[in-house]
Amino acid sequence: MEKRKQLYEGKAKKVYATDDPELLIVSYKDDATAFNGLKKGTIAGKGVINNKMSNRLMQQLEKAGVPTHFVKELSDRETLVKKVSIVPLEVIVRNIAAGSFSKRYGVEEGKAFIHPTIEFSYKNDELGDPLLNTDQALVLGLVSKEEVETIRAYSYRINAFLQAFWRSCGVTLVDFKLEFGRLNDGTIVLADEISPDTCRLWDSKTGEKLDKDRFRRDLGGVEEAYQEIMKRLETQLM
Ligand code: ADP
Ligand code: UDP
């Protein structure tokens, strides 16, 4: 499958059309941004790691019964995916307090929850991705009631799967962001990526951060953390 016109360049990926109107090629960049684009940088090798990690995890999720956009890995940085119309919601699943949750509710980072939580924000960079509840998502026409139920059910299933998977790698899954999309026939599938850019992953023993927080918070060892988390995944999937 050949890349055709570039349709979109985002903060972390480029998206290309192909000869098949139902398929796209995504190309992962090393560019990193945080705080809605205010902080910019590069993480050498990140695109390769995020591409491969997201693909491995989506392949596993498919086996666990969650439909995804993944079709085929084309190269280190490029993947063929099913074209979807993205549901403009960032779906955030949390198992442990961190980041904006800790800040908003005054809860110390690292406090484990008695059960996972799901929150939604409106995927809209101009508005700064504001939080919203399902009623608000429905009245804004972002998603239907049935779709929200499907998205919630898949998100919990994805969390259970990923939590167990990362635990087996000696890693605690703190929280993560998902995006879903609609295929032509309306079927909801998991899209975008699952990577250290979109998940908080802590070493289970030491609590060391193995994700993009190292970049966001200037903790150093960013490239090394991405390499380490990828090594853990590959060792586990060998
Ligand atoms: P952003 O748009 O936030 O800067 P990226 O740089 O990751 O993010 O750009 C990738 C874009 O492609 C995102 O807007 C994402 O919603 C979209 N996308 C991801 N998977 C698909 C897909 N299967 N079909 C269509 N669009 C997709
Ligand atoms: N996240 C993301 N993209 C976003 C916002 C959040 O991938 O635009 C991920 C982030 O990596 C973390 C989880 O979602 O794993 C929860 O992020 P949070 O709401 O705590 O926001 P942050 O502290 O990153 O601003």
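Quick caveat, the model's predicted, so the values are computed rather than measured.

1. Overview of the environment of phenylalanine 215
Turning to its location among the elements, phenylalanine 215 is positioned in helix H5 (residues 213-216). Relative accessible area serves as the criterion here: at 10%, phenylalanine 215 is assigned to the buried category. Expressed as a C-alpha distance, the spacing of phenylalanine 215 and isoleucine 43, which sit 172 residues apart in the sequence, is 8.3 Å. Non-local contacts of phenylalanine 215, meaning those with residues more than four positions away in its chain, are made with Ala32, Thr33, Ala34, Lys39, Lys40, Gly41, Ile43 and Val222.

2. Overview of the site of ligand 1
Inspection of the region around ligand 1 gives 17 residues, with Tyr8, Lys11, Ala12, Lys13 and Glu179 positioned closest. A distance of 3.1 Å separates a nitrogen atom of ligand 1 from a polar atom in the backbone of valine 84. Within the side chain of glutamate 179, one N or O atom sits 2.6 Å away from an oxygen atom of ligand 1. Alone, ligand 1 offers 560 Å² of accessible surface; in the complex the protein occludes 88% of this. Sorting the residues of the shell around ligand 1 by element identifies strand S2 (13-17) and strand S7 (78-82) as the ones contributing at least two each. A per-class count over the shell around ligand 1 returns eight nonpolar, two polar and seven charged.

3. Quick word on the site of ligand 2
Close to ligand 2 lie 15 residues, the nearest being Arg94, Ser100, Asp175, Arg200 and Arg216. A distance of 3.0 Å separates an oxygen atom of ligand 2 from a polar side-chain atom of glutamate 90. Considering ligand 2 on its own, with 510 Å² of exposed area, one finds that the protein chains cover 77% of that surface. At the level of elements, strand S9 (89-96), helix H2 (99-105), strand S12 (171-182) and strand S14 (199-203) are the ones that each hand at least two residues to the shell around ligand 2. Looking at the shell around ligand 2 residue by residue, the class counts come to four nonpolar, three polar and eight charged.

4. A word on the pairing of strand S3 (residues 23-28)
The buried fraction of S3 is high, at six of six residues. Both faces of S3 are covered, namely the face carrying Leu23, Ile25 and Ser27 and the face carrying Leu24, Val26 and Tyr28. Across five bridges, the pairing between S2 and S3 is antiparallel. Its bridge partner lying in S3, lysine 13 is registered against tyrosine 28. Counting the residues that bridge the hairpin from S2 to S3 gives five residues.

5. Notes on the pairing of S9
Burial within S9 is extensive, with eight of its eight residues counted as buried. Here S9 pairs with strand S10 (residues 112-122) via seven bridges, running antiparallel. Bridge pairing in S10 places glutamate 90 opposite serine 121. Strand direction decides the pairing type here: S9 and S12, joined by four bridges, are antiparallel. Looking across to S12, one finds that valine 93 is bridged to phenylalanine 176.

Calculation notes
Throughout, a residue's number is its position along its own chain's written sequence, starting from 1. Following the order in which they are written, the chains are lettered starting with A and the ligands numbered starting with 1. In keeping with the predicted nature of the model, local features appear solely for residues at pLDDT of at least 70, side-chain atom pairs appear and are counted solely at 80 or more, and the whole-chain, interface and lining totals rest on all residues. Values shown for side chains rest on all heavy atoms present in the structure; no hydrogens or waters enter the calculation. A run of DSSP states H or I qualifies as a helix once it reaches four residues; a run of E qualifies as a strand once it reaches two. Both are numbered from the N-terminal end. When a residue's accessible area, from a 1.4 Å probe over protein chains only, is under 20% of the maximum for its type it is buried; when over 50% it is exposed; and in between it is partly exposed. Working rule for contacts: check all heavy atoms of both residues, and any pair within 4.5 Å makes them a contact. We call a residue near a molecule or strand as soon as one heavy atom of that residue lies within 4 Å of the molecule or strand. Counted as a polar contact is a pair of N or O atoms within 3.5 Å, where, for protein atoms, one must be capable of donating a hydrogen and the other of accepting one, and residues adjacent in sequence contribute only when both atoms are in side chains. Exposure was quantified through the Shrake-Rupley algorithm and a 1.4 Å probe, taking into account, for residues, occlusion by the shown protein chains and nothing else. The classification used treats Ala, Val, Leu, Ile, Met, Phe, Trp, Tyr, Cys and Pro as nonpolar, Asp, Glu, Lys and Arg as charged, and all other residues, Gly among them, as polar. Strands pair, by our definition, only if DSSP identifies at least two bridges between them.

Everything listed here is a matter of coordinates, which is why it stays silent on function.
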